[in-house]
Amino acid sequence: DVDLPSNVRIYTFAGTAHGSARLVDGHPAPSQFYLPYNPNTTSLIATPLLEALGRWVMFDESPPQSSYPRVDAGELVAAEDYAYPSVPDVEAPVRPVLHPRFGWGDNWRKGVMKQAMPELGPLFPVLVPAAGDDGNELGGLRTPHVTVPVASYIGWNYPAKNYNGAESTSIFSLSGGWLPFCATRAERKSRGDSRKSLDMLYKSRGDYLDKLRKSCEDLVAQGLMFGEDIGMVLEQGGAMYDFVAANGAWRPGGKWGNKAK
């Protein structure tokens, strides 16, 4: 971790992927990935931040403070130390993408590339966002769906066609996944899922939506969300809640509970 200059901001969007899945009847549309694709969109927070950037440049209005995973807070960990809750049929990645240092010649820092084909140096360390007990990332900016979840929104996934366990399969670059919670305590116990079930987290659908709205309002007050987007978030959340409550956890092969979806 380093101290940032006062004229710099860094933001990480927790629980997101490169793009987001379209929701169909409360669950992500089918994709080419092993796990259902992540429906949590960055635009919900990224768009207000772009407006804040414009106001910072034009009117010297300070934008929201930086928010990103930090090592000293236990939110950013070495890839080999990454731990994920116990979720049946889901293995956390153990084969991260590795990048070596490139040697371009002695004058590279002066802007002169002496070697067109660089020498390969030691590997950069790989740090990844730590996951909490619910499978969601601990650090960074969290959308209401991550703060008040019905699922784990993860930043990794595997290709469906050649998936053969985490030890033998590299993650699919720029992908993400969606792992709904079990609907009930009984389902959670029978499956051995360490995450809390939907009925353990919320008293009712109304309780869930109340908490979701409160999360939206908190982000709006911080300048991290537009008030006109609250209705959309509640509609999405309500649809996902209904789907998870009716179908329960995901199972391999595109199945939800005992139903194929």
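Our structure is the block above this text.
All of these numbers come straight from a predicted model, not from anything done at the bench.

Draft legend 1. The arrangement of the nonpolar core in detail. Ranked by size, the top nonpolar core spans 25 residues in total, and within it Val150, Tyr153, Trp178, Tyr208 and Met225 carry the most contacts. Counting residues per element, the ones that place at least two in this core are α1 (43-59), β7 (151-154), α5 (205-221) and α6 (230-247). When near neighbours in sequence (up to four residues on either side) are disregarded, Tyr208 contacts His145, Val148, Val150, Tyr202, Gly237, Gly238 and Tyr241. In terms of nonpolar packing, the next biggest core, distinct from the first, is built from 18 residues, Tyr82, Tyr84, Val128 and Ala130 among them.

Draft legend 2. Structural detail: the environment of Leu98. By the secondary structure assignment, Leu98 is in the loop between β3 (76-78) and β4 (100-103). Residue classification places Leu98 among the partly exposed positions, given a relative accessible area of 47%. The sequence separation of Leu98 and Val126 amounts to 28 residues, and the corresponding C-alpha distance is 7.2 Å. In this structure Leu98 touches Leu123 and Val126, once residues within four positions along its chain are discounted.

Draft legend 3. Geometry of the packing of aromatic side chains. Under the defined criterion, the tally for this structure stands at 13 aromatic pairs. Plain terms: the ring middles of Tyr34 and Trp250 are 5.4 Å apart, the flat faces sit at 85° to each other, and that makes the pair edge-to-face. Of the two residues, Tyr34 sits in the loop between β2 (27-28) and α1 while Trp250 sits in strand β9 (residues 250-251), which places them 216 residues apart along the sequence. By the burial criterion, Tyr34 is buried, and Trp250 matches it. Taken together, the ring pairs connect Tyr34, Tyr82, Tyr84, Trp156, Tyr158, Tyr163 and Trp250 into an aromatic cluster. Its end group placed over the ring of Phe124, Arg101 keeps NZ or CZ at 4.5 Å from the ring centre.

Draft legend 4. View of a nonpolar patch on the surface. Side chains of Leu50, Leu53, Val57, Met58 and Phe59 sit close together on the surface and give an oily, nonpolar patch of about 580 Å² of accessible area. Relative to the elements of secondary structure, Val57 occurs in helix α1. In this structure Val57 comes out as exposed when scored by relative accessible area, which is 65%.

Draft legend 5. Expanded view of unusual backbone geometry. Its identity as a non-glycine residue notwithstanding, Asp60 has a phi of 60°, on the positive side. The residue Asp60 is located in the loop between α1 and β3 in this model.

What counts as what
- Residues numbered from 1 in each chain as written.
- Predicted model: local features only at pLDDT ≥ 70, side-chain atom pairs only at ≥ 80, totals over all residues.
- Heavy atoms only, no water.
- Core = buried A, V, L, I, M, F, W, Y, C linked by side-chain atoms within 4.5 Å.
- Buried < 20%, exposed > 50% of the residue type's maximum accessible area, 1.4 Å probe, protein only.
- Helix = DSSP H or I, 4+ residues; strand = E, 2+ residues; numbered from the N terminus.
- Contact = heavy atoms within 4.5 Å.
- Phe/Tyr/Trp six-rings, centres within 6.5 Å; stacked < 30°, edge-to-face > 60°.
- Lys NZ or Arg CZ within 6 Å of the ring centre and 35° of its normal.
- Patch = residues over 30% accessible without salt bridge, like charges linked within 9 Å, V, L, I, M, F, W, Y side chains within 5 Å.
- Areas by Shrake-Rupley, 256 points an atom, 1.4 Å probe, with all protein chains shown as cover.
- Salt bridge = Lys/Arg side-chain N within 4 Å of Asp/Glu carboxyl O.

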